[in-house]
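# Structural features, examined
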Amino acid sequence: MVEEYQLYIDGKWRNASDGATMPAINPYNQEVHAHVPVATAGDVQDAIQSARGAFAKVWSKTTPGARAKLLNKVADLLDADADRMALLETTDNGKVIRETHNQMGYAARIFRYYAAWADKVQGDVVPLDQRDTLDIAIRVPYGVVVCVTAWNSPVAILTNTLPAALAAGNCVIIKPSEHASTTTIEVVKMCERAGFPAGVVQIVTGAAEVGRMLTGSKDIDKISFTGSPGVGRMIAAAAGANLKPLTLELGGKSPNIVFDDADFDRALIGALAGIFGATGQTCIAGSRLLVQCGIYDRMVEGLAARARQIRMGDPRLAETEMGTAANEPQFNKILSFIDAAKGDGARLVAGGRRADGAGLEKGYFIEPTIFADVRNDMKVAAEEIFGPVLSIIRFDDEEQAVQIANDTPYGLASGVWSENISRCLRMMHAINSGVVWVNTYRVAAPQGPFGGMKDSGFGRVRGEAGILEFTQTKNIFIDFSGDKRDPFSMKF
């Protein structure tokens, strides 16, 4: 059965005003499993005006406790429907079911986390020189927030921002990726079932033009974007022209650094998970594995052997360990990077081509691919691939490891593997990235702030920092002296 989805604007489900749709294609078998509307300029403007009205008339007057109850209801709905939601996301973007199921549980957890924050965003009483004036600094919502999300983990990425923005008191318009929209629409259905007022949560789907209309509007108040640095720059330019604040979570080329004294087996597993988890289609992928010379050859051989054992197949089956590229453009991009690495002289030790075999014929499968003897200036090491391609780079000492790790325009995540705690602390401070994992990789928590440096973006999601991103400070002076003063004698 092919599902027919609709836009959700002003509390009503409706088709695009011109009836246009786009297919949702299963990357495993190339079958169309849904049709998603393509919003028009009129649809986008309707959503913006509805959000503005909802914020002014309803949501700005809703108490924090009432907001928290609604968020907790969405969490309950996510938990109750986790199996179906995981299957739908796997069908939409090819990620293995074991990971999408975990992400549904995580999504419910983060909704509850921010529900608990709704009545805890507190202000300050500021001490002044004036003895008869009270100064109160409070945090207030922006108003109408646009959240533009990505295709690799649609629900997880959405829940990095949506519950925080709502808990802070904002109305939210969601624009998901055209390559994976269905589960995001389903989350909006849950918001409707939970009882969010009309106009508070809305979704407009479509391709890049829909995103440009939203992020270029003067009638919104804040933008959150997750995606590539190239698109991030375009959104930042549009936001800058309208002086709109931004949270940008962009790409990465994360160094995963293994020292000679690391627990070898743990580091090897961490390296595999860091790049082949989610088929490498994650901004935090440990795509540059820096290995100290004393264990370099052993690590290369061990990783190559384990990569060849990774089970590929139908991502809806529990035994499958790695799924497909999420869509055809991404599939072709990954293969082009593999060809470039071969041309640059990197040594191929595993994979390196489209995967074939029983059950893989129609899917966008790429073999788990490892290149050794990579230089940091090679294209495969310098640019974000967003696929199952690992570059292994040799280093001699700490100083060289830091130099290689930081020699990138990105700064999202990094890993350090060593049993020497002093070394780990030095590396933690020296690496320029928003997240550093020590003797682990790809760990996330609702309480832990996440975000990047340099071309990996700015602002943070998750944790207290995540809700503060969706608030701004308002300062209030209260004169309680009762004096009638000469206005020209006031002190500043």
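Now for a description of the structure that goes with this document. (Residues numbered from 1 in each chain as written. Predicted model: local features only at pLDDT ≥ 70, side-chain atom pairs only at ≥ 80, totals over all residues. Heavy atoms only, no water.)

## A word on the overall build of the protein
From N to C terminus, the protein includes 15 helices and 23 strands. Relative to its length of 492 residues, the protein is compact, with a C-alpha radius of gyration of 24 Å against a globular reference of 23 Å. Its C-alpha atoms give the protein principal-axis dimensions of roughly 80 × 60 × 40 Å. Scored against the burial criterion, the 492 residues of the protein give a buried share of 57%. Summing over all exposed atoms, the protein offers an accessible surface of approximately 20100 Å²; the carbon and sulfur share of this is 53%. (Helix = DSSP H or I, 4+ residues; strand = E, 2+ residues; numbered from the N terminus. Rg over C-alpha atoms; globule rule 2.2 N^0.38 Å. Buried < 20%, exposed > 50% of the residue type's maximum accessible area, 1.4 Å probe, protein only. Areas by Shrake-Rupley, 256 points an atom, 1.4 Å probe, with all protein chains shown as cover.)

## Some details on the pattern of salt bridges
Counted according to the given criterion, the structure contains 24 salt bridges. Where Arg 14 meets Asp 43, a salt bridge forms, and the shortest distance between an N and an O atom there is 2.9 Å. Residue Arg 14 is located in strand β3 (residues 12-14), and its partner Asp 43 is located in helix α1 (residues 41-57); the two are separated by 29 residues in the primary sequence. Its relative accessible area of 26% is what places Arg 14 among the partly exposed residues. Residues Arg 112 and Asp 76 are paired through a salt bridge, measuring 2.8 Å at the closest nitrogen-oxygen approach. Here Arg 112 is found in helix α4 (residues 97-117), whereas its partner Asp 76 is found in helix α2 (residues 64-80), with 36 residues between them in sequence. On the basis of relative accessible area, Asp 76 is assigned to the partly exposed category, the value being 44%. A network of salt bridges, in which partner residues are shared, links Asp 81, Arg 84, Glu 186 and Lys 189. (Salt bridge = Lys/Arg side-chain N within 4 Å of Asp/Glu carboxyl O.)

## Looking at unusual backbone geometry
Notably, Gln 30 is not glycine yet its phi reads approximately 65°, a positive angle. Looking at where Gln 30 falls in the secondary structure, it is placed in the loop between β4 (21-25) and β5 (32-37). Judged by its relative accessible area of 31%, Gln 30 falls in the partly exposed class. Look at Thr 279: it is not a glycine, yet its phi comes out positive at around 55°. Of note, Thr 279 is situated in the loop between α9 (264-276) and β14 (288-292). The buried category is assigned to Thr 279, whose relative accessible area is 5%.

## Looking at the sheet that holds strand β6 (residues 124-126)
Taken in spatial order, the three strands of this open sheet run β6-β7-β23, and their pairing is antiparallel. Looking at the sheet topology across the chains shown, the edges are occupied by β6 and β23 (471-479). Going from strand to strand, the sheet's axes swing by 30° on average, the running direction of each strand aside. Where strand β7 (residues 133-141) meets β23, nine bridges bridge the pair, whose relative direction is antiparallel. Among the inter-strand pairings, Val 140 is bridged to a residue of β23, identified as Gln 472. (Pairing = 2+ DSSP bridges. Axes fitted to C-alpha atoms, helices over the stretch in contact; angles between N-to-C directions.)

## Digging into helix α5 (residues 154-167)
A rise of 1.5 Å per residue sets the reference length of α5, with its 14 residues, at 20 Å; its end C-alpha atoms lie 20 Å apart and thus fit the reference within 8%. Along its length, α5 shows its largest kink, about 30°, at Asn 160, and proline Pro 163 lies within four residues downstream of that point. Of all 14 residues making up α5, 14 are buried, and the element is well covered by its neighbours. Once α5 finishes, Gly 169 follows within two positions and takes phi at roughly 105°, a positive value. (Expected span 1.5 Å × (residues − 1). Bend = angle between axes of the 7 residues up to and from the residue.)

## A look at the environment of Phe 458
Checked against the element boundaries, Phe 458 lands in strand β22 (residues 457-458). Each C-alpha atom, one on Phe 458 and one on Ile 421, is 29 Å from the other, the two residues being 37 residues apart in sequence. Discounting residues that sit within four places of it in the chain, Phe 458 has contacts with Leu 246, Thr 247, Leu 248 and Gly 452. (Contact = heavy atoms within 4.5 Å.)

## Some words on the packing of aromatic side chains
Under the counting rule described, the total for this entry stands at eight aromatic pairs. Both rings, one in Phe 259 and one in Phe 395, keep their centres 5.2 Å apart while their planes meet at 80°; by these two values the pair is edge-to-face. Here the residue Phe 259 occupies a position in the loop between β13 (255-258) and α9, and Phe 395 occupies one in strand β17 (residues 389-395), the gap between them amounting to 136 residues. Summarising the burial analysis for this pair, Phe 259 and Phe 395 share the class buried. Over the ring of Phe 337 we find Lys 379, and its NZ or CZ is 5.0 Å from the ring centre. The ring of Tyr 296 carries the charged tip of Arg 394 above its face, separated from the ring centre by 3.9 Å. (Phe/Tyr/Trp six-rings, centres within 6.5 Å; stacked < 30°, edge-to-face > 60°. Lys NZ or Arg CZ within 6 Å of the ring centre and 35° of its normal.)

## Focus on the side chain of Gln 292
Looking at the element boundaries, Gln 292 is found in strand β14. Gln 292 sits in the buried class, given a relative accessible area of 8%.

## Brief notes about the sheet that holds strand β20 (residues 435-438)
Reading across from one edge, β15-β16-β17-β14-β13-β19-β20 is the order of the seven strands in this open sheet, with mixed pairing throughout. In this open sheet, the two edge strands, each paired with only one partner strand, are β15 (347-350) and β20. Sheet twist, expressed as the mean angle between neighbouring strand axes with direction ignored, is 25°. Of the pairings in the sheet, the one linking β13 to strand β19 (residues 413-417) comprises three bridges and is parallel in character. Residue Val 258 lies in a different strand from β19, and its bridge partner there is Trp 417. Of the strands in this sheet, β13, β14, β15, β16 (369-372) and β17 are in contact with helix α10 (residues 296-307), which crosses β17 at around 170°. Contacting β15, β16 and β17, helix α11 (residues 328-344) runs over the sheet at an angle of about 25° to β16.

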